[in-house]
Amino acid sequence: MSATDRPDDRDSAGTTAPCDRPASAASAPAAKARDAAGRAAVMARQRAEWEQHRRLMEDALNSGDMDTAKLAKLVAETLKIRQECERRAWGMSGETETLRSGDMVVTWRK
């Protein structure tokens, strides 16, 4: 099919297809809310992944198992790379990462 054979983006009434119409102003807050919820889910999952890693590292240290310690190091490196890329994909790479523990707040800045 050549470019001239493709159907027009207009329907029979001559209006543009729904996918080409600009989003209404009312949908912007909903999109922002979905994006914020997605970012929050990413951060919650990433924190849970580091908690799993912490338990793996504790097991390695308590048992003295060098293979488990090597695995924990490999997992940490993999998590770091994957999570950095994921944060970039979500547009979160420039944000300050904050870890809250009780009354103490630790803020990591690049």
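Residues numbered from 1 in each chain as written. Predicted model: local features only at pLDDT ≥ 70, side-chain atom pairs only at ≥ 80, totals over all residues. Heavy atoms only, no water.

1. A few points about the side chain of Q46
So, step 1. By the element assignment, Q46 lies in helix α1 (residues 27-63).
So, step 2. Take Q46: its relative accessible area is 3%, and that puts it in the buried class.
So, step 3. Among the polar contacts listed, one links the side chain of Q46 to the side chain of E86, at a separation of 2.8 Å.
So, step 4. Beyond its immediate stretch of four places on either side in the chain, Q46 contacts Q83, E86 and R87. (Helix = DSSP H or I, 4+ residues; strand = E, 2+ residues; numbered from the N terminus. Buried < 20%, exposed > 50% of the residue type's maximum accessible area, 1.4 Å probe, protein only. Polar contact = N/O pair within 3.5 Å; in protein donor to acceptor, adjacent residues only side chain to side chain. Contact = heavy atoms within 4.5 Å.)

2. Some details on the side chain of E49
So, step 1. Relative to the helices and strands, E49 is located in helix α1.
So, step 2. E49 sits in the buried class, given a relative accessible area of 14%.
So, step 3. Sequence-distant contacts of E49, that is, excluding residues within four places in its chain, are made with L79, R82 and Q83.

3. A word on the pattern of salt bridges
Working definition: two side chains of opposite charge can pair if their charged atoms are close together.
So, step 1. A full pass over the atoms with the stated rule returns 10 salt bridges.
So, step 2. With a shortest N-O distance of 3.2 Å, R39 and D35 are connected by a salt bridge. Taken together, the positions of R39 and D35, both in helix α1 and 4 residues apart, correspond to about one turn of that helix.
So, step 3. On the basis of relative accessible area, R39 is assigned to the partly exposed category, the value being 22%.
So, step 4. Between E84 and K80 there is a salt bridge, with the nearest N and O atoms lying 3.2 Å from each other. Note that E84 and K80 are positioned in helix α2 (residues 66-89) at a spacing of 4 residues, about one turn of the helix.
So, step 5. Put simply, R45, E49, R82 and E86 are held in one network by salt bridges that share partners. (Salt bridge = Lys/Arg side-chain N within 4 Å of Asp/Glu carboxyl O.)

4. A look at α2
So, step 1. Between its first and last C-alpha atoms α2 spans 35 Å; for 24 residues at 1.5 Å apiece the expected length is 34 Å, and the two agree.
So, step 2. Taken together, the buried positions of α2 are occupied by T68, A69, A72, A76, L79, Q83, E86 and R87.
So, step 3. Two to three positions downstream of the cap, the backbone nitrogen of D67 sits 3.1 Å from a side-chain oxygen, assigning the N-cap of α2 to D65.
So, step 4. Where α2 terminates, the next one or two residues include G91, which has phi positive at roughly 75°. (Expected span 1.5 Å × (residues − 1).)

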